[in-house]
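Structural features, examined
Each chain, letter by letter, is given below.
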Amino acid sequence: MEYRKCGTTYVVRLDVEDEIVESLQRLCEDEKIDLAQVSGIGALKQAEIGVFDTTTKQYHSNTYTGVYEIGNLTGNISTMNGVPYFHLHITIGNINHHECYSGHLNKGVVGATAELFVNVIDGKIDREFSPEVGLNIIRFVDEN
């Protein structure tokens, strides 16, 4: 991973074998990022993608291995219990152009390169588990 700060945005280049979530974790720790918006494109050789079932309140994850293009990667970074929390969604398509997969990105291993833009936002948003929803939802923090 290499990155440069341009204004309030970090431009991140990931290389073969870099893992997206681990790389974002390292960036947030190194640069003290608590709140940001993430977008990206690139190519993956492996992706673990989850979909949340609102009826059972459980995630169902699948791992896809092969040649995949990232059609879209978007999400946000906040904190939960004082550590970075990533809420990332991804859409990937295969080399045959007839299969796409989408959902919550749990893991993404780069197959060629990936380009991420991490736009830092001034402020702090935390997360807390909601038993009613079954997810870690945004909790607004009083900064006074």
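Quick summary incoming for the structure in this document. In every chain, residue numbers begin from 1 and rise along the written sequence. Local features in a predicted model are, by the rule used here, given only for residues with pLDDT of at least 70; side-chain atom pairs are given and counted only at 80 or more, and totals for whole chains, interfaces and linings are based on all residues. Hydrogens and water molecules were not included; the side-chain quantities draw on all heavy atoms of the structure.

Bringing the side chain of Asn 94 into the picture now. Structurally, the position occupied by Asn 94 is in strand β5 (residues 83–94). Each residue is placed in one exposure class: buried if its accessible area under a 1.4 Å probe, protein chains only, is under 20% of its type's maximum, exposed if it is over 50%, and partly exposed if it falls in between. For Asn 94, a relative accessible area of 11% translates into the label buried. Once residues lying within four places of it in the same chain are set aside, the contact partners of Asn 94 are Val 67, Tyr 68 and Glu 99. By definition, any uninterrupted DSSP run of H or I lasting at least four residues is a helix, any uninterrupted run of E lasting at least two residues is a strand, and each is numbered from the N terminus. The contact criterion used is simple: two residues touch if any of their non-hydrogen atoms lie within 4.5 Å.

This brings us to helix α1 (residues 20–31). Expected helix span is taken as 1.5 Å per residue step, with the number of steps being one fewer than the number of residues. For α1, built from 12 residues, the straight-helix expectation of 16 Å at 1.5 Å per residue is met to within 8% by its first-to-last C-alpha distance of 16 Å. For α1, every residue scored as buried is listed here: Ile 20, Val 21, Ser 23, Leu 24, Leu 27 and Cys 28. Seen from one end, α1 has its buried residues packed into an arc of 160 degrees, which puts them on one side. Close packing links the buried residues of α1 with β1 (2–6), β2 (9–15), β3 (36–53), β4 (58–80), β5 and β6 (100–120). Whenever two N or O atoms come within 3.5 Å, that pair is a polar contact, provided that in protein one can donate a hydrogen and the other can accept it, and provided that, for residues adjacent in sequence, both atoms are side-chain atoms. Its side-chain oxygen 3.1 Å from the backbone nitrogen of Val 21, Glu 19 forms the N-cap of α1. Where α1 terminates, the next one or two residues include Lys 32, which has phi positive at roughly 60 degrees. The directions from the helix axis to the C-beta atoms form the arc being described.

Let's shift gears to the environment of Cys 6. Assignment of secondary structure puts Cys 6 in strand β1. Classification of Cys 6 by relative accessible area gives partly exposed; the value is 46%.

Rolled over the atoms, a probe as big as a water molecule pinpoints where empty space is left. Using a 1 Å grid laid over the protein atoms alone, points where a 1.4 Å probe fits but cannot get out form a cavity; open sets with protein on both sides within 12 Å along at least 5 of 7 lines form a pocket; any residue with an atom within 4 Å of a point counts as lining. Grid points are joined across faces, edges and corners, and a volume is the space filled by probe spheres set on the points. Of the volumes computed, that of the largest pocket is approximately 220 Å³. Forming the boundary of the largest pocket are Gly 50, Phe 52, Lys 57, Tyr 59, Tyr 85, His 87, His 89, His 104, Arg 127, Gly 134, Leu 135 and Asn 136. Those elements that provide at least two residues to the lining of the largest pocket are β3, β5 and β8 (135–140). Of all the elements, β5 adds the most residues to the lining of the largest pocket, at 3 residues. The classification used treats Ala, Val, Leu, Ile, Met, Phe, Trp, Tyr, Cys and Pro as nonpolar, Asp, Glu, Lys and Arg as charged, and all other residues, Gly among them, as polar. For the lining of the largest pocket, a count of residues per class yields 4 nonpolar, 6 polar and 2 charged.

Let us now look at the pattern of salt bridges. Salt bridges are identified by distance alone: a Lys or Arg side-chain nitrogen within 4 Å of an Asp or Glu carboxyl oxygen. Across all of its chains, the model carries 6 salt bridges by this definition. The partner of Arg 4 in a salt bridge is Glu 2, and the shortest N-O contact between them spans 3.7 Å. According to the relative accessible area criterion, Arg 4 is exposed, its value standing at 54%. Between Arg 139 and Glu 128 there is a salt bridge, with the nearest N and O atoms lying 3.7 Å from each other. In this pair, Arg 139 sits in strand β8 while Glu 128 sits in strand β7 (residues 125–130), placing the two residues 11 residues apart along the sequence.

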